[in-house]
Amino acid sequence: MSAGARVALFAGLLALVFAGAALAGSALDPDLDRETTSAHSPAPEAGHSTAGEGPAKAKGLAQADNGLRLVVDNPAEVAASQRLRFRLVDEDGATVRDFDVEQDRRMHLIVVRRDLSGFQHLHPKQTADGGWEVPLRLAAAGSYRVFADFSSAGEPYTLGTDLHLDGRFVAQELPHPAPTSTTDSGYEVRLEQAGDEARFTVFKDGRRVRDLEPYLGARGHLVALREGDLAYLHVHPESEASEGSDIRFAVEYPSQGRYRLFLQFKLDGRVHTAAFTREVGDPHGD
Ligand SMILES: [Cu+2]
């Protein structure tokens, strides 16, 4: 007997065994099939109703979620300087056109290299076909994570995808945790932390700066990312102190590990970024 014939015979025997099992199953329990079906049918509905319940531990790890998918239109054109074009598509592949205004904008785009250097926060413009476009400069070669942060039909989304810029890649080490950070423009920012609360105070030439300008409808904007997988954390601005001189957020750290916090605030008509490393230790340890 040839090998092919042996496989065919074996497949035939298997089919008989399964057919026998199916007959035996239906003979023993005629309702088995129906029960199986009814047990499964509520699942999609349950999945939908729980989608908005309870905060997810981390966002931005997936390119598609809750029916929408992030698509970069020109990934092959990634260069040091380009116009990045992307869109959000639904399960039928149709471009989503309607977005809600969140923090003053319909689309927030965060770009950061995988080693957590080169952070950018951009506001793309919507094109006539519903897609989005933004000038993007990448300072050095490497893999970059792109997060589209938006809300559509009342549902918040943070979807992520990678862009690759060819060239010699030199990874930057994550800076050690420090209580202060200086922006490119010379502002010194102090970070105080108590549990999940992060409180930032801005200084210029040793003096506390109190007259922060509104940025995206608030006193500041915070993005927190986990080292390793670049999970995008849930961050909530907290009501300001009566003196109104610091910027407070509640940050939900989903696990132990190291995180990079990017605080942005506006002064002199410009947006300034201060970055901090936060180390979250074992809650049962030291
Ligand atoms: Cu934004």
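Owing to the predicted nature of the structure, the values given are computational and were not obtained by experimental measurement.

### Notes on the coordination of the copper ion
- Binding of the copper ion to the protein goes through His-108 (ND1), His-121 (NE2) and His-123 (NE2), at separations of 1.8 to 2.0 Å.
- In terms of primary sequence, the donors binding the copper ion are separated according to H-x12-H-x1-H. With His-108 in strand β4 (residues 108-113) and His-121 in strand β5 (residues 120-122), this pair connects stretches of sequence that are 13 residues apart.

### Some details on the sheet that holds β4
- Strand order in the open sheet made by the 4 strands is β5-β4-β8-β9, with antiparallel pairing throughout. If you trace the sheet from one side to the other, it starts and ends with β5 and β9 (155-165), each paired once. Between one strand and the next, the sheet's axes are offset by a mean angle of 20 degrees, whatever the strand orientation.
- When β4 meets β5, the two strands line up antiparallel, connected through 3 bridges.

### Remarks on the pairing of strand β8 (residues 142-152)
- Burial analysis of β8 places 10 of its 11 residues in the buried class, which makes it a mostly covered element.
- Across 6 bridges, β4 lies against β8 in antiparallel orientation. If you follow Val-111 over to β8, its bridge partner there is Val-146.
- Inspection of the sheet shows β8 paired to β9 by 11 bridges, in the antiparallel sense. Bridge pairing in β9 links Val-146 to Thr-161.
- In this antiparallel pair of consecutive strands, β8 and β9, the connection spans 2 residues, and Ala-153 shows a positive phi of 50 degrees.

### Brief notes about the pairing of strand β12 (residues 197-204)
- Here β12 lies mainly inside the structure; 6 of its 8 residues are buried.
- Judged from the 7 bridges that link them, strand β11 (residues 188-194) and β12 form a sheet pairing that is antiparallel. Its bridge partner lying in β12, Ala-194 is registered against Glu-197.
- One ladder, built from 2 bridges, connects β12 with strand β13 (residues 207-208); its direction is antiparallel.

### Quick look at the packing of aromatic side chains
- In this structure the tally under the stated criterion is 9 aromatic pairs.
- Relative to Tyr-157, the ring of Phe-150 lies with its centre 5.1 Å away and its plane at 10 degrees, an arrangement referred to as stacked. Taken as a pair, Phe-150 and Tyr-157 share a single burial class, namely buried.
- With 5.9 Å between their ring centres and 85 degrees between their planes, Tyr-187 and Phe-265 make a pair best called edge-to-face. You can see Tyr-187 sitting in the loop between β10 (180-182) and β11 and its partner Phe-265 sitting in strand β17 (residues 257-267), a full 78 residues away along the chain.
- An aromatic cluster of at least three residues, connected via ring pairs, comprises Phe-99, Trp-132, Phe-150 and Tyr-157.

### Concerning the pattern of salt bridges
- By the definition in use, this model includes 13 salt bridges.
- Put simply, Asp-73 and Arg-87 hold a salt bridge, and the shortest N to O gap is 3.1 Å. Here the residue Asp-73 occupies a position in the loop between β2 (68-72) and β3 (81-89), and Arg-87 occupies one in strand β3, the gap between them amounting to 14 residues.
- Under the relative-accessibility criterion, Asp-73 is labelled partly exposed at 31%.
- With a closest N to O distance of 2.9 Å, Glu-133 and Arg-83 form a salt bridge. Taken together, the positions of Glu-133 in strand β7 (residues 132-137) and Arg-83 in strand β3 put the pair 50 residues apart, joining distant regions of the chain.
- For Glu-133, a relative accessible area of 21% corresponds to the partly exposed category.
- Look at Arg-83 and you get partly exposed, because its relative accessible area is 46%.

### Description of the sheet that holds strand β14 (residues 221-226)
- Across the sheet, 3 strands lie side by side as β14-β17-β18; this open sheet has antiparallel pairing. Here the strands that pair on one side only, and so sit at the sheet edges, are β14 and β18 (270-280). Across the sheet, the mean angle separating the axes of adjacent strands is 20 degrees when strand polarity is ignored.
- With 6 bridges joining them, β14 and β17 adopt antiparallel strand pairing. Residue pairing for β17: Ala-224 is matched across the bridge by Leu-261.

Scoring rules and cut-offs
Residues numbered from 1 in each chain as written. Predicted model: local features only at pLDDT ≥ 70, side-chain atom pairs only at ≥ 80, totals over all residues. Heavy atoms only, no water. Donors = N, O, S within 2.8 Å, 3.2 Å for Na, K, Ca; no water. Helix = DSSP H or I, 4+ residues; strand = E, 2+ residues; numbered from the N terminus. Pairing = 2+ DSSP bridges. Axes fitted to C-alpha atoms, helices over the stretch in contact; angles between N-to-C directions. Buried < 20%, exposed > 50% of the residue type's maximum accessible area, 1.4 Å probe, protein only. Phe/Tyr/Trp six-rings, centres within 6.5 Å; stacked < 30°, edge-to-face > 60°. Salt bridge = Lys/Arg side-chain N within 4 Å of Asp/Glu carboxyl O.

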